[in-house]
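Breakdown of the fold
This is what each chain is made of:
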Amino acid sequence: MHVQEWLETIPAVSVYVVVALVIGVESVGVPLPGEIVLVSAALLASQNGGIDPLVLGACASAGAIIGDSIGYAIGRKGGKPLLARLGRKFPRHFGEHHVAMAERSFQKWGMWAVFFGRFVALLRIFAGPLAGVLRMPYWKFLIANVLGGIIWAGGTTMAVYYIGKVAEDWLKRFSWLGLVAAVLIGLTSMLVLRSRAKKAEAAAAEAVAPEAVAAD
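Residues numbered from 1 in each chain as written. Predicted model: local features only at pLDDT ≥ 70, side-chain atom pairs only at ≥ 80, totals over all residues. Heavy atoms only, no water.

Quick look at the nonpolar core
Definition in use: Residue types Ala, Val, Leu, Ile, Met, Phe, Trp, Tyr and Cys, when buried and joined through side-chain atoms within 4.5 Å, form a set referred to as a nonpolar core. Think of it in three bands: with a 1.4 Å probe and only protein chains considered, a residue is buried below 20% of the maximum accessible area for its type, exposed above 50%, and partly exposed in between. The contact criterion used is simple: two residues touch if any of their non-hydrogen atoms lie within 4.5 Å.
Among the nonpolar cores identified, the biggest contains 24 residues, and V15, V19, I23 and L56 are the most heavily contacted of them. Setting aside anything within four residues of it in sequence, one finds V19 in contact with V37, L38, A41, L56 and A60. Formed by 16 residues, the second largest nonpolar core is a distinct cluster that contains Y72, F106, A113 and F141.

This is the structure we're talking about:
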């Protein structure tokens, strides 16, 4: 059953709760299809007057912000050992290459890595925990988290909702198209991040090598 078809079988209040929970859990650091669920729910709202897009966007934003904050707290408490455990459990999402690239992004962009990470599939999953591990000041994290969560979740909801209103006939098959598009975007993001992570790891290795030679 398609995500949208399943959402059609539950009450509007449950749709709000499901979207908030899925996005929230994903933001904590658990790989879940938050974007697919959000797009499907927003499309359903464009076809079903019982679902308010403003409430949906607010719930999605709340899930994103609260989930990232929980992830931050977990990361701050768990530290580097937490990333090691996550790497063993979710190597495709928390592998050494991904962590190296993310750390480099955080060191370069600071709080804006959290903001822009909301729009990148893999970074969206562990931006919160990693910010905690790296001990980013919470006030900086909170500003970027709130802005990113509202713009990503609210913007996605309203964009898909209005597209659905304008092109309802074409979008009757959007469940499949949205899924395929999300998968393609996710794969592209993963390949780009993996490439950047390898470069970051190589650069780190080159930086460590002279220090090791000097020490000898």
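A short note on helix α2 (residues 12-28)
Heads up, the rule is: Under the scheme used here, helices are H or I runs from DSSP no shorter than 4 residues and strands are E runs no shorter than 2 residues, and both carry numbers assigned from the N terminus. The span you would expect from a helix comes to 1.5 Å times its residue count less one.
Between its first and last C-alpha, α2 extends 24 Å over 17 residues, near the 24 Å set by a 1.5 Å rise per residue. Three or more residues of α2 are buried, namely V15, Y16, V18, V19, V22, I23, G24, E26 and S27. G29 occupies a position one or two residues after α2 and carries a positive phi of about 135°.

A word on helix α8 (residues 121-133)
Let me state the cut-off plainly: Bending is quantified residue by residue as the angle between axes fitted to the seven-residue window ending at that residue and the seven-residue window starting at it.
At A127, α8 is bent by approximately 50°, the largest bend along its length, and proline P129 sits one to four residues beyond. Two residues or fewer after α8 comes R135, characterised by a positive phi angle close to 60°.

Observations concerning the confidence of the model for the protein chain
Heads up, the rule is: For every residue, the predictor assigns a confidence score, pLDDT, that lies between 0 and 100.
For the protein chain, mean pLDDT is 78; residues scoring 70 or higher make up 71% of the total. The least confident element of the protein chain, judged by mean pLDDT, is helix α10 (residues 174-215) at 58; the most confident is α2 at 93.

Some thoughts on the packing of aromatic side chains
We apply this condition: Centres within 6.5 Å make a pair out of two Phe, Tyr or Trp rings, where for Trp the six-membered ring is used; the pair is then stacked when the planes are under 30 degrees apart, edge-to-face when over 60, and tilted otherwise.
The final tally for this structure, using the stated rule, is seven aromatic pairs. Relative to F115, the ring of W112 has its centre 5.6 Å away and its plane inclined at 80°; by these criteria the two rings are edge-to-face. You can see W112 and its partner F115 sitting in helix α7 (residues 111-117), three residues apart, about one turn around the helix. What makes F115 buried here is its relative accessible area of 11%. Plain terms: the ring middles of F115 and F116 are 5.0 Å apart, the flat faces sit at 85° to each other, and that makes the pair edge-to-face. Members of the aromatic cluster, connected to one another through ring pairs, are W112, F115, F116 and F119.

So, the pattern of salt bridges
This is how it is decided: Think of a salt bridge as a Lys or Arg side-chain nitrogen and an Asp or Glu carboxyl oxygen that are within 4 Å of each other.
Within the structure shown, the criterion is met by one salt bridge. Here R118 ties to D68 by a salt bridge, and the two come within 3.0 Å at their closest N and O atoms. Placement of the pair is R118 in the loop between α7 and α8 and D68 in helix α4 (residues 53-89), with a sequence separation of 50 residues. Of the two residues, R118 and D68, neither departs from the other in class, the shared state being buried.

Overview of the packing of helix α3 (residues 34-47) against helix α9 (residues 138-166)
For any two helices packed against each other, the geometry is given by the interaxial angle and the distance between the axes. Cut-off, in case you're wondering: Angles shown run from 0 to 180 degrees and are taken between the N-to-C directions of axes, each axis being a line fitted to C-alpha atoms and, for helices, limited to the stretch in contact. Oblique is the label for any angle not under 35 degrees, not over 145, and not in the 65 to 115 range, which are roughly parallel, roughly antiparallel and roughly perpendicular in turn. In a left-handed crossing the near helix is turned counterclockwise from the far helix by less than a right angle, and in a right-handed crossing that turn is clockwise. In this count, Pro and Cys sit with the nonpolar residues alongside Ala, Val, Leu, Ile, Met, Phe, Trp and Tyr, while Asp, Glu, Lys and Arg are called charged and the others, Gly among them, polar.
It is the contact of α3 with α9, at a shortest axis distance of 8 Å, that shows an interaxial angle of 40°. When the axis of α3 is compared with that of α9, the two are oblique. The handedness of the crossing between α3 and α9 comes out as right-handed. Of the residues in α9, those in contact with E35, L38, V39, A42, L43, A45 and S46 of α3 are W152, A153, T156, T157, V160, Y161, G164 and K165. Of the residues belonging to the contact of α3 with α9, the class tally is nine nonpolar, four polar and two charged.

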